[in-house]
Amino acid sequence: HVPGSPFVLRCVAAAPTADRSAFEEDSYCGAAGQPIRLVLIACDPFGNACSDAPVPVPEVTAQATPVDRDGSTEAPVVEVLHEGQGCFSVMVRAQATGLYRVAATMDGQRVPHTSALLVTPGPMHAPSCTIDAQALGTVCAGDAARLVLQTRDAQGNLCGVVGAGCAWDGRLIDDGGGAAA
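Conventions and cut-offs
- Residues numbered from 1 in each chain as written.
- Predicted model: local features only at pLDDT ≥ 70, side-chain atom pairs only at ≥ 80, totals over all residues.
- Heavy atoms only, no water.
- Helix = DSSP H or I, 4+ residues; strand = E, 2+ residues; numbered from the N terminus.
- Buried < 20%, exposed > 50% of the residue type's maximum accessible area, 1.4 Å probe, protein only.
- Contact = heavy atoms within 4.5 Å.
- Areas by Shrake-Rupley, 256 points an atom, 1.4 Å probe, with all protein chains shown as cover.
- pLDDT = per-residue confidence, 0-100.
- Lys, Arg positive; Asp, Glu negative; His and termini not counted.
- Salt bridge = Lys/Arg side-chain N within 4 Å of Asp/Glu carboxyl O.
- Polar contact = N/O pair within 3.5 Å; in protein donor to acceptor, adjacent residues only side chain to side chain.

Asker: Could you give an account of the overall build of the protein, with specific residues and numbers?
Answerer: Of regular secondary structure, the protein possesses zero helices and 12 strands. Each helix (α) and strand (β) of the protein, taken in turn from the N terminus, gives the series β-β-β-β-β-β-β-β-β-β-β-β. Expressed as a percentage of its 181 residues, the buried residues of the protein come to 29%. A separation of at least 24 residues holds for 60% of the contacts in the protein among residues at least 6 apart in sequence. Total accessible area on the protein stands at roughly 11500 Å², and carbon and sulfur atoms take up 54% of it.

Put into structure tokens, the structure is as follows:
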């Protein structure tokens, strides 16, 4: 028996390193035009989360790049916020839909684990919706006309074609010449 035992030893995480830090999830999903929050967890060389360790806060940066390169050159806005407890919020706001790869650096060193971000269309925005011009034409009185409404979000991203669970109302307007426009 050692005098004073048992001993109480509090073990805390060491300083965070990029090579053991990672995003909380492998993939995230959010709507275009809205802030999408990803969480980066800072870990020490042994994989311990730096939750309450008295260590310096690393400088964290992040960027999101399109994976499917559909011609979009838009660079999403990325902001990193330190929330304490070894946790960083990586806020991404993308205007274009698609798949993005989000990467981070910690004190200039690349965090090896990236995260996927799927940006879907935001809610349908009526002023941004259009009638498919190819569907317009001449219709005889009494015949059914087929119009295709292209629904878009506020950023102009195509939401889909109406008919899959989305109702809309149309109204014929008389152009004064006896024919409805």
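Next comes the rest of the write-up.
Asker: An account of the confidence of the model for the protein is requested, with residue identities and associated values reported.
Answerer: Confidence in the prediction for the protein averages 83 pLDDT; 80% of positions are at 70 or higher. Least confident of the elements in the protein is strand S12 (residues 158-161), whose mean pLDDT is 74; most confident is strand S8 (residues 109-110), at 96.

Asker: Tell me about the side chain of Asp-153, and name the residues and values.
Answerer: Tracing the chain through its elements places Asp-153 in the loop between strand S11 (149-152) and S12. The charged side chain of Asp-153 is buried without a salt bridge, its nearest counter-charge being Arg-152 at 7.3 Å. One polar contact links the side chain of Asp-153 to the main-chain amide nitrogen of Gly-122, over a distance of 2.9 Å. Among residues more than four places away in sequence, those in contact with Asp-153 are Ala-32, Pro-121, Gly-122, Pro-123, His-125, Ser-128 and Cys-159.

Asker: An account of unusual backbone geometry is requested, with residue identities and associated values reported.
Answerer: The phi angle at Gln-85 is positive, at roughly 55°, despite the residue not being glycine. Mapped onto the secondary structure, Gln-85 falls in the loop between strand S5 (77-84) and strand S6 (87-93). Gln-85 sits in the exposed class, given a relative accessible area of 55%. Phi is positive for Asp-107, close to 50°, though the residue is something other than glycine. Topologically, Asp-107 is positioned in the loop between strand S7 (98-106) and S8. Note on Asp-107: relative accessible area 52%, which makes it exposed.

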